[in-house]
Amino acid sequence: ISQFILFYVMNQSVSRLRNLSSSLKYLTLQNYDKARNAVVRTKASYLNDEFDDLEKSNIHLTDTLQLLNNENVIFKDNIEKQIEKLNLAKSFSERLINESNSYLLIQDRNLNILSVNSKLEHLLDPAIQLTSDDKNRLIDTCSEELFHFKLLCTDTTYPLDYAEKILELVTEKNMHFSHDANYFDKERDEVLHIAWSHVKVEDEREEPLILSEGIDLTQRI
């Protein structure tokens, strides 16, 4: 009889250990329902032993992991939606910029032109055009120098105080800087009269940049 009782107790313990092991296996597979159902508590609460404590802890762990997983799924879904919205907004902005009738460019505080829209790109001399990777996006302000705004003006129309005026924009002493300049278009063999307007903007790291817009006034003069 004692051997039978010992066998029964040992068998129950081994069975509960087996159930706990199965439950942990289901947890690694994120199958929370099976992990929860694998743990069978048959004893009354006032006869709790170590196995009961392990089973309770296992169920609590399962519930917590399932809750965290659900929150993670919701968070991931929200992130994907936000990324999709940002991509759509970026595509729209690029189309808007490239379809603009104005010449648009971005300069850094050192007066290097970092990015141009399609209209200005087509105007530039091929020798100084940006590569396809550099077009229509901001480049790190520490990137290699590309070319200078002075190349967009004839010698007689480039403002002598241009660097000083841009510095005033960067330091916010002035909010706006405008001037006219001529540009010799080699393709059409003519001089274009362009009205330029410069304002300060910031990149995603809050570094100062200069947004410049040029309007072709050649036909109006």
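The following refers to the structure shown. Please read all numbers here as calculations on a predicted model, not as lab measurements. (Residues numbered from 1 in each chain as written. Predicted model: local features only at pLDDT ≥ 70, side-chain atom pairs only at ≥ 80, totals over all residues. Heavy atoms only, no water.)

Digging into the overall build of the protein chain
When you go through the protein chain residue by residue, the secondary structure sums to five helices and six strands. For the protein chain, the succession of helices and strands along the chain, N to C, is α-α-α-β-β-α-β-α-β-β-β. When the 221 residues of the protein chain are sorted by exposure, 31% land in the buried category. (Helix = DSSP H or I, 4+ residues; strand = E, 2+ residues; numbered from the N terminus. Buried < 20%, exposed > 50% of the residue type's maximum accessible area, 1.4 Å probe, protein only.)

Comments concerning the nonpolar core
Grouped together as the largest cluster of nonpolar side chains are 23 residues, with contacts concentrated most on Leu105, Leu120, Phe149, Leu152, Ile166 and Trp196. For this core, the elements supplying multiple residues, two or more each, are strand S1 (103-107), strand S2 (112-116), helix H4 (118-123), helix H5 (162-170), strand S4 (177-185) and strand S5 (190-202). In terms of residues, this core owes the most to one element, H5, which gives four residues. Not counting residues within four places of it along the chain, the set of residues in contact with Ile166 comprises Leu111, Phe177, His198 and Ile210. (Core = buried A, V, L, I, M, F, W, Y, C linked by side-chain atoms within 4.5 Å. Contact = heavy atoms within 4.5 Å.)

Quick notes on H5
By the burial criterion, the buried members of H5 are Tyr162, Ile166, Glu168, Leu169 and Val170. Among the structural elements, S1, S4, S5 and strand S6 (208-216) are those in contact with the buried residues of H5. Of the residues flanking the end of H5, it is Glu172, one or two places downstream, whose phi is positive at about 65°.

Notes on unusual backbone geometry
The phi torsion of most residues other than glycine is negative, and most of the peptide bonds are trans. With a phi close to 60°, Gln30 is a non-glycine residue in the positive phi region. On the secondary structure map, Gln30 appears in the loop between helix H1 (2-28) and helix H2 (32-37). Taking relative accessible area as the criterion, Gln30 reaches 51% and is therefore assigned exposed. Positive phi outside glycine occurs at Glu172, with the angle close to 65°.

Notes on the environment of Tyr32
For Tyr32, the location among the structural elements is in helix H2. For Tyr32, a relative accessible area of 8% puts it in the buried group. Taking C-alpha positions, Tyr32 is 6.2 Å from Thr62, a pair spaced 30 residues apart along the chain. What Tyr32 contacts, discounting residues up to four positions off in sequence, is Leu27, Thr62, Leu65, Gln66 and Asn69.

Some details on the packing of aromatic side chains
Inspection of every chain in the model, using the stated rule, returns four aromatic pairs. When the centroid spacing of 5.1 Å and the interplanar angle of 85° are considered together, the rings of Phe149 and Trp196 count as edge-to-face. Here Phe149 is found in the loop between strand S3 (147-148) and H5, whereas its partner Trp196 is found in strand S5, with 47 residues between them in sequence. Here the two residues Phe149 and Trp196 agree in accessibility, since each one is buried. (Phe/Tyr/Trp six-rings, centres within 6.5 Å; stacked < 30°, edge-to-face > 60°.)

Looking at the pairing of S6
Note: S1 against S6, five bridges, orientation antiparallel. Its bridge partner being in S6, Leu104 is matched across the sheet by Glu213. The sheet contact formed by S5 and S6 spans nine bridges and is antiparallel. Its bridge partner lying in S6, Ile194 is registered against Asp216. The antiparallel pairing of S5 with S6 creates a hairpin that spans five residues between the two strands, and Glu206 there sits at a positive phi of about 65°. (Pairing = 2+ DSSP bridges.)

Topic: the pattern of salt bridges
Scanning the entire structure with this criterion turns up five salt bridges. For the salt bridge of Asp63 with Arg36, the shortest nitrogen-to-oxygen distance reads 2.8 Å. Of this pair, Asp63 sits in helix H3 (residues 50-98) while Arg36 sits in helix H2, and the two are 27 residues apart along the sequence. Classification of Arg36 by relative accessible area gives partly exposed; the value is 23%. (Salt bridge = Lys/Arg side-chain N within 4 Å of Asp/Glu carboxyl O.)

Describing the pairing of S5
Where a strand is regular, its side chains alternate between the two sheet faces. Bridge count for S4 against S5 is nine bridges, and the pairing is antiparallel. Within the sheet, the bridge partner assigned to Asp185 lies in S5 and is Glu190. Counted along the chain from S4 to the antiparallel partner S5, the turn is four residues long, and its residue Asp189 has a positive phi close to 55°.

The quantities given are spatial measurements derived from coordinates; they are silent on function.
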